[in-house]
Amino acid sequence: MAALAGMPRRDAAERAQLVARVRANDTTLVDVDWAFGGVTDAELQILAAALCGNRHVRTLDLNYNTFITDQGIQALVDVLPSCTLCKVVADGTPLVTRGTRDRLIRKSLGNVLAAVRANDPAVDLIDLSEMALEDSHLLLVAEALQNNQYVHSVGLWKNDWITAEGMAPFIVALGSSAVCTVSVTNCPASTDEAMLASLQAVCVPRCLALLKANTIDLDEISIEHIWHSGMFDDSAADALAAAIENNTRLQRIWLTAAELPNGGWSLTDAGAAHLERALGNGVCGVVCVNVDCVELPASRVRSIGGHCFENALRRVAENDPLLTELDLRFGQVQSDTMVQHELEQGGIDRQDTLIGVHEMTRLAAVLHGNTELREILVDKDTPEAAVRVLIDVLPCCLVECAVFHPDRYNDDIHLQVLVDRLAELSGANRSRRRSAAASLVLHRPFQRLAVGALSVDSMYATTQPAQVRKRLAISHDLLEMIIHELDKSTTSPYTQAKYQELPSHKVVFAWHAIAQGVSAQKRRRVVR
């Protein structure tokens, strides 16, 4: 336990506040983190009672709570059918028996696999990592995935009981699914070369086909979760480049390669050149590349980063609803500490890859009026002047989370002011977005009525057949009432993916014009 002494602990008061939010069905509370907290069975029973009927909490982290016993876990097991909780991790809980843990896993899996069996299009990723799954549990996942056409990613990493034998029926089931990425890192099965080759034989062609088709929201890919054998070489890079050159949905690539026995890496500069050409064609939508264990020339790294940044500017300017997060740390080509050092040794200066004032000014110009981007992650070494540019543009967009954590935060009052200001402005945007969403939900019935009214009483009426105009006829008085209800909202609808069925700004403005005309007619009738 000495190794855990430095880990953060959550006191009882903080946990009580979380329970209150769970009981209130807080729409923003999706993940409950009670790890390393000294949680007791009594607290877990209170949380279980609060979870009953909750429709938003998805994950619960109970790792390293050594006081939890079967009694507390059983309270969760009993409530799982009446909530949406689908992932509970409870590593480091020695007082929980294997039988109780098995019941917890099966019940939580039931919540997510029910949607998978129903072919729910909203479920495109299953994160089963760190759940202590065994081969018997993996069989349940395999059965649910058969004939599913929407799940494209499955996370199985760090499940210490999954074996190569258990993976065999799972891989067979993938043949009739849409899954193209599977993470098996830190599983016992991940050392079995034959299993990895079988998994790669399924994932690689399917992933390339899905990327080329550009029809699903596959927003990021990790090479090691597709090319499982580790041999991502120049020919594989060429195939990936051909698949992404016209893909407008993919946002991030986690690029890895294998170290060859005789030295060097499976991916060379020639393979990276193929990717660079695809990234810079003006169509590809990738905005960030993470590099891990790949040696590339400094010029190639800069060029790839430049293309990614241009792609980001284009997508932000287009108000792309799929681009909700923009990671600006270490430029647009990111790498771990070891690779950063190697890049610097190769002639690339870390400062050359950072987003400076010029780049941030260009980003600010296209951020004006953007309503889709929600989160921006800023590198800790970003110049203060560049951060101030971002601060100035936040009131003109709807970014609700701007993250900037400089190393010198505690020692520099100016940096503290910048961080606090970012938090204040992004918090205000978050409130604006929630108010707009609530308004849309409140007035949705009136908006639907008004759409029907437009086909009769507006300039769009001439585009409808006569029989349709007659069937949808609506009085001016009712139309005025509809417009009056719409006018109670001070915020026009934002174009969000889950509100695509709602009218556009143009239609909303047309409603207001109609309302003015109706009011004028009524005034004339009164005067007469």
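Below is a summary of the structure that appears in this document. (Residues numbered from 1 in each chain as written. Predicted model: local features only at pLDDT ≥ 70, side-chain atom pairs only at ≥ 80, totals over all residues. Heavy atoms only, no water.)

Taken in spatial order, the three strands of this open sheet run S1-S2-S3, and their pairing is parallel. In this open sheet, the two edge strands, each paired with only one partner strand, are strand S1 (31-33) and strand S3 (87-89). On average, each strand axis in the sheet is tilted by 5° relative to the strand beside it, whichever way the strands run. (Pairing = 2+ DSSP bridges. Helix = DSSP H or I, 4+ residues; strand = E, 2+ residues; numbered from the N terminus. Axes fitted to C-alpha atoms, helices over the stretch in contact; angles between N-to-C directions.)

Okay, helix H8 (residues 234-244) next. When H8 is considered as a whole, its buried residues turn out to be Ala236, Ala237, Leu240, Ala241, Ala243 and Ile244. Axial view of H8: buried residues confined to an arc of 160°, hence all on one face. (Buried < 20%, exposed > 50% of the residue type's maximum accessible area, 1.4 Å probe, protein only. Arc of directions from axis to C-beta.)

Moving on: the environment of valine 89. Along the chain, valine 89 falls in strand S3. For valine 89, a relative accessible area of 8% corresponds to the buried category. Each C-alpha atom, one on valine 89 and one on methionine 131, is 5.2 Å from the other, the two residues being 42 residues apart in sequence. Ignoring anything within four residues of it in the chain, the contact list for valine 89 reads Leu60, Asp61, Leu62, Asn63, Ser129, Glu130 and Met131. (Contact = heavy atoms within 4.5 Å.)

The biggest cluster of nonpolar side chains holds 73 residues, and the ones touching the most others in it are Leu145, Leu156, Met167 and Phe170. Residue contributions to this core peak at 10 residues, all from helix H7 (residues 193-213). Not counting residues up to four positions away in its chain, the partners in contact with methionine 167 are Leu138, Leu156, Ile162, Val184, Ala189, Met195 and Leu199. The next biggest cluster of nonpolar side chains, apart from the first, holds 33 residues, and it includes Cys288, Phe309, Val393 and Phe404. (Core = buried A, V, L, I, M, F, W, Y, C linked by side-chain atoms within 4.5 Å.)

All right, on to the side chain of asparagine 54 then. Looking at the secondary structure, you find asparagine 54 in the loop between helix H2 (41-51) and strand S2 (59-61). Separated by 2.8 Å, the side chain of asparagine 54 and the backbone nitrogen of histidine 56 make a polar contact. (Polar contact = N/O pair within 3.5 Å; in protein donor to acceptor, adjacent residues only side chain to side chain.)

For the rest of this paragraph, the subject is unusual backbone geometry. With glycine set apart, most residues show a phi of negative sign, and most peptide bonds adopt trans. Within the chain, asparagine 119 stands out as a residue other than glycine whose phi angle is a positive 60°. Counting through the fold element by element, asparagine 119 comes out in the loop between helix H4 (98-117) and strand S4 (125-127). Of the residues examined, asparagine 119 reaches a relative accessible area of 27% and is grouped as partly exposed. The backbone phi angle of lysine 158 is positive, close to 60°, even though this residue is not glycine. Topologically, lysine 158 is positioned in the loop between strand S5 (153-155) and helix H6 (164-174).

Mapped onto the elements, histidine 152 comes out in the loop between helix H5 (135-145) and S5. Taking relative accessible area as the criterion, histidine 152 reaches 5% and is therefore assigned buried. Residues contacting histidine 152, with those up to four places away along its chain left out, are Asp124, Ala178, Val179, Cys180, Thr181, Ile216, Asp217 and Leu218.

With that out of the way, let us pick up the environment of alanine 258. Note on placement: alanine 258 falls in the loop between strand S8 (252-256) and helix H9 (269-279). On the accessibility criterion, alanine 258 (16% relative accessible area) is buried. The spacing of alanine 258 and glycine 230 is 28 residues in sequence and 5.3 Å in space, taken between C-alpha atoms.

With that out of the way, let us pick up the sheet that holds strand S6 (residues 181-183). In spatial order, the strands read S4-S5-S6; together these three strands make up an open sheet with parallel pairing. Strands at the two margins of the open sheet, each flanked by one partner only, are S4 and S6. Going across the sheet, the axis of each strand differs from the next one's by a mean of 5°, ignoring polarity. Where S4 lies against S5, three bridges are found, and the strand directions are parallel. If you follow isoleucine 126 over to S5, its bridge partner there is valine 154.

Below, the discussion takes up the packing of aromatic side chains. Scanning all chains against the criterion turns up two aromatic pairs. Ring geometry for phenylalanine 36 and tyrosine 64: centres 5.2 Å apart, planes at 10°, overall stacked. Linking phenylalanine 36 in the loop between S1 and H2 with tyrosine 64 in the loop between S2 and helix H3 (70-79), this pair joins segments that are 28 residues apart in sequence. Its relative accessible area of 16% is what places phenylalanine 36 among the buried residues. Residue classification places tyrosine 64 among the partly exposed positions, given a relative accessible area of 33%. With a centroid separation of 4.9 Å and 75° between ring planes, the pair formed by tryptophan 227 and phenylalanine 232 is classed as edge-to-face. Residue class for tryptophan 227 comes out buried when judged on its relative accessible area of 6%. (Phe/Tyr/Trp six-rings, centres within 6.5 Å; stacked < 30°, edge-to-face > 60°.)

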